[in-house]
Amino acid sequence: MPKKQPQLRKKVASGKVVQLAQLAKDVTKKFKGRKLVFGQGNNNAELMIIGEVTEPEEEIKSKILLGASGKIFDQILKDHQLRRGNFYITNAVKFCHENKIPSPKEIKQCSVFLKQEIKIIEPKLIIALGSIALRGLGVKLPLANIRGRLIRFGDINLFATHHPSEVIRDPSLHMEIRSDFQKLKDLIQNLSSLVQEV
């Protein structure tokens, strides 16, 4: 896939900013009264990370993957020579949920906007962190069935692994998520071979 020329990239980036701003307005209108944390990072990234539910600290600081989960995430990125700037990062559910686990109806309501967000960013590869991220994408398969490998879901190249918060609850998963990110690093190095279906 040929790389976009600098002027074209700037034009595309500007268009994405406008579209994301409109999407933010639509989400805000749908979920009135809730403080929302929107996607952030590189709008032109070929890699998109989808987390689960906005955490209280994320809500306060308007940044995704913070606190203990964020420290695990950042360390794993560092250990695999990756950084946040390589990705566009968003959550499947963009508000902090009082029960921590949103209902299937709430995930479905958020899913509409998540899919619009994906269309705007146009990533070559989506990394889903956790089961709620998969549900937001409409993937019904359990995380355990697809974790750590590249799958094709519609026109999306999808790679799923644990959310860092799961590692806090179950430290035995630490080696699994690290192993998955090593596989992910190898995939990223061969990103040009991931061809999007039109």
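Everything numeric in this text was worked out from a predicted model, so none of it was measured. (Residues numbered from 1 in each chain as written. Predicted model: local features only at pLDDT ≥ 70, side-chain atom pairs only at ≥ 80, totals over all residues. Heavy atoms only, no water.)

**Student:** Please give an account of the pattern of salt bridges that cites residues and values.
**Tutor:** Counting across every chain of the model gives seven salt bridges. Across the pair Asp79 and Arg178 runs a salt bridge whose closest N-O atoms are separated by 2.8 Å. Of this pair, Asp79 sits in helix H3 (residues 67-79) while Arg178 sits in helix H8 (residues 174-189); the two residues are 99 residues apart in sequence, bridging distant segments of the chain. Residue class for Arg178 comes out partly exposed when judged on its relative accessible area of 26%. Across the pair Glu117 and Lys94 runs a salt bridge, and its minimum N-O distance is 2.9 Å. (Salt bridge = Lys/Arg side-chain N within 4 Å of Asp/Glu carboxyl O. Helix = DSSP H or I, 4+ residues; strand = E, 2+ residues; numbered from the N terminus. Buried < 20%, exposed > 50% of the residue type's maximum accessible area, 1.4 Å probe, protein only.)

**Student:** Requested: an account of the layout of surface pockets, with residues and values cited.
**Tutor:** Of the volumes computed, that of the second largest pocket is approximately 400 Å³. Residue lining of the second largest pocket: 18 residues in total, with Val53, Glu55, Lys100, Ser165 and Arg169 positioned closest to the centre. Residue assignment for the lining of the second largest pocket shows that the elements contributing at least two residues are strand E2 (47-54), helix H2 (56-61), H3 and helix H7 (164-169). For the lining of the second largest pocket, the class distribution of residues is six nonpolar, six polar and six charged. (1 Å grid on protein atoms, 1.4 Å probe; cavity = no way out; pocket = protein on both sides within 12 Å on 5 of 7 lines; lining within 4 Å. Points joined across faces, edges and corners; volume = space filled by probe spheres on them. Nonpolar A, V, L, I, M, F, W, Y, C, P; charged D, E, K, R; others polar.)

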